Amino acid sequence: MRLQPLLRSLFFWLMDPGELADHLEREAAFYAAAAEVYRDYAARKDRGEFGSAPPVQSMRVTIEAAIRLNQALADWARWAAEHPPRPGA
């Protein structure tokens with residue numbers, strides 16, 4: 001998978017531990033916020049604000065994927081912060 005956060009993670013070993021911790025905190029916050037935006041949008045769709053036509057139903061499926069992917073990246077960034085690369089390990 002070519003996800004930028006995952007590609008960048010290959011180079012975490014080059015970062016200062018403090019900078020890495022700050023970076024991962026920002027990543028987690030960014031992706032958690034994005035997931036929340038999509039959750040709000042999904043809730044509006046679920047309330048019927050956009051109707052129930054097939055294209056709207058397909059959009060809801062896509063929005064669910066966005067929620068799950070962004071939440072997974074937020075969870076991953078939090079996990080990565082707890083498991084940073086250790087020199088000489």
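First things first, this report covers the structure right here in the doc. Please read all numbers here as calculations on a predicted model, not as lab measurements. Going along each chain's sequence as written, the residues are numbered from 1 onward. With the structure being a predicted model, the display of local features is reserved for residues of pLDDT at least 70 and the display and counting of side-chain atom pairs for 80 or more, all residues being used for whole-chain, interface and lining totals. Only hydrogens and water are removed before side-chain values are computed, so all heavy atoms of the structure are retained for them.

Here we look at the packing of aromatic side chains
Working step 1: Only the six-membered ring of Trp is used, alongside the rings of Phe and Tyr, when aromatic pairs are assigned; centres must lie within 6.5 Å, and planes under 30 degrees apart are stacked while those over 60 apart are edge-to-face, with the rest tilted. Under the counting rule described, the total for this entry stands at three aromatic pairs.
Working step 2: Seen in terms of ring centroids, Phe-12 and Trp-76 are 6.3 Å apart; in terms of plane orientation they differ by 25 degrees. Their pairing is stacked. In this pair, Phe-12 is assigned in the loop between helix H1 (4-9) and helix H2 (17-46) and Trp-76 in helix H3 (residues 54-82), connecting sequence segments 64 residues apart.
Working step 3: When accessible area is computed with a 1.4 Å probe and restricted to protein chains, residues below 20% of their type maximum are described as buried, those above 50% as exposed, and intermediate ones as partly exposed. The exposure class of Phe-12 is buried, given its relative accessible area of 7%.
Working step 4: When its relative accessible area of 21% is taken as the criterion, Trp-76 is described as partly exposed.
Working step 5: When the ring of Phe-30 is compared with that of Tyr-31, the centres are 4.9 Å apart and the planes differ by 85 degrees; the resulting orientation is edge-to-face.
Working step 6: You can call Tyr-31 buried: its relative accessible area is 11%. Per the convention used, a helix needs a DSSP run of H or I reaching at least four residues, while a strand needs a run of E reaching at least two, with both numbered from the N terminus.

Digging into the environment of Ala-35
Working step 1: Mapping Ala-35 onto the fold places it in helix H2.
Working step 2: Note on Ala-35: relative accessible area 0%, which makes it buried.
Working step 3: Taking the C-alpha atoms as reference points, Ala-35 and Pro-54, separated by 19 residues in sequence, lie 23 Å from one another.
Working step 4: Contact definition: two residues touch when any of their heavy atoms are within 4.5 Å. Dropping the residues within four chain positions of it, Ala-35 is found in contact with Ile-67, Asn-70 and Gln-71.

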